[in-house]
Amino acid sequence: MSSTRSDAQDHLSHQQLEDLHMAYQAGHLDPHKLASLAGPLLLTLQQYQQNLQQLRKVLLQVPHGPGDHSDLCRMHNQGLAPKEDDHCHCHVGAIRQILAQTAQSS
């Protein structure tokens, strides 16, 4: 699927999504405007879902096993790899948490 100028206009920008969310929270969503944004909103959500899947694939390739903690991480844990991700001081705990969250939404 090739990206054209009209495709980019069919997607909502980050700022447009934030504005829509703020209007929703404030209770100022115009039903007619919301109906007109349904198509671009779905396209944007599909793009975000594809991006999330690609990022998840990349994160799966980054080492994140028990032996993959950094020296700094081990230094904070008496030379051992921490067993709990919330005691991690490197990339391992964060990657595990993100992968766990995205596995639930996949």
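Inspection of the secondary structure puts Leu-99 in helix α5 (residues 91-105). For Leu-99 and Arg-56, which are 43 residues apart along the polypeptide, the C-alpha to C-alpha distance reads 6.7 Å. Residues in contact with Leu-99, not counting those within four places in the same chain, are Arg-56, Leu-59, Leu-60 and His-64.

Looking now at the pattern of salt bridges. Within this structure, the stated rule accounts for 1 salt bridge. Here Asp-85 ties to Arg-96 by a salt bridge, and the two come within 2.8 Å at their closest N and O atoms. Here the residue Asp-85 occupies a position in the loop between α4 (71-75) and α5, and Arg-96 occupies one in helix α5, the gap between them amounting to 11 residues. Owing to a relative accessible area of 22%, Asp-85 belongs among the partly exposed residues under this scheme.

Attention now moves to the side chain of His-69. In this fold, His-69 is placed in the loop between α3 (31-61) and α4. Judged by relative accessible area, His-69 falls into the buried class, the value being 5%. If we skip the residues at most four places from it in the chain, His-69 touches Arg-74, Ala-81, Pro-82, Cys-88, Cys-90, Val-92 and Arg-96.

The rules behind the values
Residues numbered from 1 in each chain as written. Predicted model: local features only at pLDDT ≥ 70, side-chain atom pairs only at ≥ 80, totals over all residues. Heavy atoms only, no water. Helix = DSSP H or I, 4+ residues; strand = E, 2+ residues; numbered from the N terminus. Contact = heavy atoms within 4.5 Å. Salt bridge = Lys/Arg side-chain N within 4 Å of Asp/Glu carboxyl O. Buried < 20%, exposed > 50% of the residue type's maximum accessible area, 1.4 Å probe, protein only.

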